[in-house]
Each structure stands twice: as C-alpha cells, then as structure tokens.
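Examination of the molecular architecture
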Amino acid sequence: MIGLLLLNLGTPAAPTIPAVRRYLRQFLSDPRVIDIPAPARAALLNLVILPRRPTTSAAQYRTIWDPDRGSPLLFHSLDLRDGVQRHLGDGWRVELGMRYGDPSIPDAMTALHAAKVSRVVVLPLFPQYAASSTGSALEVVYGHAAVAWNTPPLAVVPPFYDDPEFLDAFAARGRAVLAENQADHILFSFHGLPERHLQKSDDTGAHCLCSDDCCDRMVAANRNCYRAQCVHTAHEIAARLSLEPKNWTITFQSRLGRTPWIQPFTDVVIPKLADEGARRLVIFCPSFVADCLETLEEIGVRAQNQFREAGGTEVVLVPSLNSEPAWVKAVCNLALRAAYPQSEAA
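As a starting point, this report considers the structure included with it. (Residues numbered from 1 in each chain as written. Predicted model: local features only at pLDDT ≥ 70, side-chain atom pairs only at ≥ 80, totals over all residues. Heavy atoms only, no water.)

Topic: the overall build of the protein
- Regarding its fold elements, the protein presents 12 helices and eight strands.
- Relative to the globule expectation of 20 Å for 346 residues, the C-alpha radius of gyration of the protein, 20 Å, shows essentially globular dimensions.
- Principal axes of the C-alpha set define a box for the protein whose edges measure 60 × 50 × 50 Å.
- Each of the 346 residues in the protein was classed as buried or not, and the buried ones make up 50%.
- By sequence separation, contacts in the protein at least 24 residues apart represent 75% of the contacts at least 6 residues apart.
- Total accessible area computed for the protein in this model is approximately 15900 Å², and 52% of it derives from carbon and sulfur atoms.
- The protein carries 33 positive and 36 negative side-chain charges, and their two centres are separated by 5 Å. (Helix = DSSP H or I, 4+ residues; strand = E, 2+ residues; numbered from the N terminus. Rg over C-alpha atoms; globule rule 2.2 N^0.38 Å. Buried < 20%, exposed > 50% of the residue type's maximum accessible area, 1.4 Å probe, protein only. Contact = heavy atoms within 4.5 Å. Areas by Shrake-Rupley, 256 points an atom, 1.4 Å probe, with all protein chains shown as cover. Lys, Arg positive; Asp, Glu negative; His and termini not counted. Charge placed at Lys NZ, Arg CZ, Asp CG, Glu CD.)

Some details on the state of the cysteines
- In the structure shown here, the tally under the stated rule is zero disulfides.
- With no disulfide of its own, C230 lies 8.2 Å from the sulfur of C225, the closest cysteine sulfur. (Disulfide = S-S within 2.5 Å.)

Observations concerning the sheet that holds strand β3 (residues 119–124)
- Read from one edge to the other, the open sheet built from four strands follows the order β2-β1-β3-β4, with strand pairing classed as parallel. Of all strands in the sheet, those with a lone pairing partner are β2 (92–100) and β4 (154–156), marking the two edges. On average, each strand axis in the sheet is tilted by 25 degrees relative to the strand beside it, whichever way the strands run.
- Of the strand pairs in this sheet, β3 and β4 are connected by three bridges, and their pairing is parallel. Bridge pairing in β4 places V120 opposite L154.
- Sitting on the sheet, helix α4 (residues 72–88) touches β1 (2–10) and β2, and the angle it makes with β2 is about 160 degrees. (Pairing = 2+ DSSP bridges. Axes fitted to C-alpha atoms, helices over the stretch in contact; angles between N-to-C directions.)

Focus: the sheet that holds strand β8 (residues 314–317)
- An order of β6-β5-β7-β8 is seen for the four strands of this open sheet, with the pairing classed as parallel. Edge positions in the sheet fall to β6 (248–253) and β8, since each has one partner strand and no second. Ignoring strand direction, the axes of neighbouring strands in this sheet form an average angle of 30 degrees.
- Inspection of the sheet shows strand β5 (residues 185–191) paired to β6 by six bridges, in the parallel sense. Bridged to S189 within β6 is T251.
- Strand contacts of helix α9 (residues 226–240): β5, β6 and β7 (280–284), with the helix running at about 145 degrees to β6, the strand carrying the most contacts.

Spelled out as structure tokens, the structure:
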C-alpha cells in the first residue's frame, strides 16, 4: 500500500477568539512565516498582533463558518481527501495533514505508519512554491519522518503551478462564471508575500525584483520564485479562456505589516477599477485550491464591499477547485506520477 499525504495550511478549530488566538499563535510563530529574529518575532506577536487581531479574525471567520460542517478550508480538504481515496482505490491510503491546527501533519503521518504503507507520496496543496507554505509544511514532514526508527521513503510532488490539469480545472471553473456574468474586468488575485521572501529564493541574488519584467518568463534564476509562478499560472488560465490582455490584471492580497510586499495590491486595484468605470469584476484566486477565509471573506465580502463603496456594482468570485471531479482526477494523477515516475499516470 502507498500512502498519500495531502498538505494544507490549516484553520482555527472554531470561529471564536480563543480558538483563533491559538491558531494565530502557532501560525505566526513560524520563522518561515515571519522571518525576523526570534525576540523581535515574539515581541511583534505578543505585543502587537495577538492583543487585537484574534477579535477581528474571529468575526471574519464567523461570516464564512458553515453551521453543520465548520471551516470551509477543512471540509473542502476532507472532501478532496475522500474523493482521491475513492479514485485511487484500496492500494492507497490517503490522509490530510494541516501545517497548523488539526488534523496535524504528525497525526496524519502516524496514521499512514499504522496503515503499514510501504512509502509515502507527499502532495503540498499549494500550486506555487513559497517557503512560508510549501517549505514550512515540508519541514514538518521531513522532521517527523527523520525521528522514526524506520524512516519512510518519501516522494514529494513539486509545485504544480504549470500542471495542465490544474490549469484546465481552474479555467473550467472560470469559464462557467464568465458565461453567466459579463465582466468589465478580471482579476487574478494571489496571496501576497513580503518582497524579501522572493529575494531569499533567488539563488543568484541578481534577478528577483531587479527589473520590471523579472517574472514575465520562467528561467533558472526564478525557478523557485513565488511571484513568477503566479504570473505563469495567470497567463496560462487567461490563455485557456482567450482573455484579451487589457481585460485582466494580476494582483496580490492579504498583506500583513509595514515591510514591502509584492505588488500590485488587490485592495488598491479594486477601487481604481471602479473609478475607471468598471461595474462588474470577476476574481480568480488561483493560489488557493480550496475556498477559505482569503477567498470567501476577503474577496467575497470585503472586496465586494470595497468595490461597491467605490462605485462598482458586483464582485463575482470564481469558486476554487475544492473537490470538483476534474481536480480530484488531477490530484490523483499528480500522485501517480510521483509514485511511478517511469510510467504514465492513468
């Protein structure tokens, strides 16, 4: 039996201030997320973020929390796990591990060990690579595997920002939305990162953010660049939908703090588009494969309100891939290629 470990970021256990505070403490204590010296990180977290942010975040989570199923990120990820398990069959054991919160990565790996899998395929559910997401989750996987007496063989699925099935699935989601909504403009809104994270990923030290077009094509120097991978994803989805370049824009959301983050910012572009006469926006969020706080609340609620206050009429969010059949099949094929690299996936 082969194990498949699906990795995602995580979610609070409940939309309450104490639960959100516990989640944020674990998340923002990660040195790959806030990559500053430990004393400064602790001061920022305990003196600035945790006294105030849990109240705001808990209120935001309550707007998207399902009364029966709870956190959308969690139940969509569990539905994906179950769909992949059904598709792959009895020769596989599929588990979900969250970097922060439950089900945890160590618990998922313990379950795979108990199932006596012969090896483990690890699939981070982050299309584009970032040290703060993919890198952090893999660090936990490697650390947990290293302490086992019988260290399991691991095969890691690389970032799939350019995988045709992933791109086709997202384009199909968008095609259905665009068929029902006459969009004045389309945004591809990705999660943001501090600029220094990108620069630290540039092994050459001479490419990242050194020119206006540094992300326009994939080269050796930016092969690990999150922004370049986002740009590639957006261009590929736009090409599949035959979008005119003037009709769509790449933006970045969810910035935190005062240090420079990658631009342009979603919350800056949205009112500008309204000022220019756009009345209906369609927004893709292709750095998220499951709907979550950043898609449902930040875009579906906050961006909607911001656009209307600026004179726009409607923001239409393209649903994420969640557990759509095409995405289930794509995940299975990513896993199969990692498990059997010398043969074609079914």
